[in-house]
Amino acid sequence: MNDKAFADRINALEMRATHQEETIEALNQVVTAQWKQIDSLMRQIAELGERLREAEAGRPAPASEPPPHY
């Protein structure tokens, strides 16, 4: 293998590695953003669950008498 072909192969590998690093970084940013969104949604779900429990605890108990149309 001559020096030119060897240099071309090394250059191609370096370009491929650079492209892969950029892709990995972009994917990492997407995953990080998605994790932040998931975390925010999980907190909202927990807050809504707590509010629902409070609302259910504060509502009056059902009456034991039959409805007026009986």
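Look up a bit, the structure's there.
What comes next is a walk through the structure. Quick caveat: nothing in here was measured; it's all calculated off a predicted structure.

Conventions adopted
- Residues numbered from 1 in each chain as written.
- Predicted model: local features only at pLDDT ≥ 70, side-chain atom pairs only at ≥ 80, totals over all residues.
- Heavy atoms only, no water.
- Helix = DSSP H or I, 4+ residues; strand = E, 2+ residues; numbered from the N terminus.
- Buried < 20%, exposed > 50% of the residue type's maximum accessible area, 1.4 Å probe, protein only.
- Salt bridge = Lys/Arg side-chain N within 4 Å of Asp/Glu carboxyl O.

### Quick look at the environment of Asp3
Thinking step 1. Tracing the backbone shows Asp3 in helix 1 (residues 3–58).
Thinking step 2. Residue Asp3 is classed as exposed on the basis of its relative accessible area, which comes to 67%.
Thinking step 3. Note: C-alpha distance between Asp3 and Ile24 (21 residues apart in sequence) is 31 Å.

### Examining the pattern of salt bridges
Side-chain pairs of opposite charge can arise where the charged atoms are in close proximity.
Thinking step 1. As enumerated under the stated definition, the model contains three salt bridges in all.
Thinking step 2. A salt bridge links Asp39 to Arg43; the nearest nitrogen and oxygen atoms lie 2.8 Å apart. Linking Asp39 with Arg43, this pair stays in helix 1, spanning four residues, or about one helical turn.
Thinking step 3. Given a relative accessible area of 52%, Arg43 falls into the exposed group.
Thinking step 4. Between Arg53 and Glu50 there is a salt bridge, with the nearest N and O atoms lying 3.2 Å from each other. With Arg53 and Glu50 both in helix 1 and three residues apart, the pair spans about one turn of that helix.

Read these as spatial facts, not as claims about activity.
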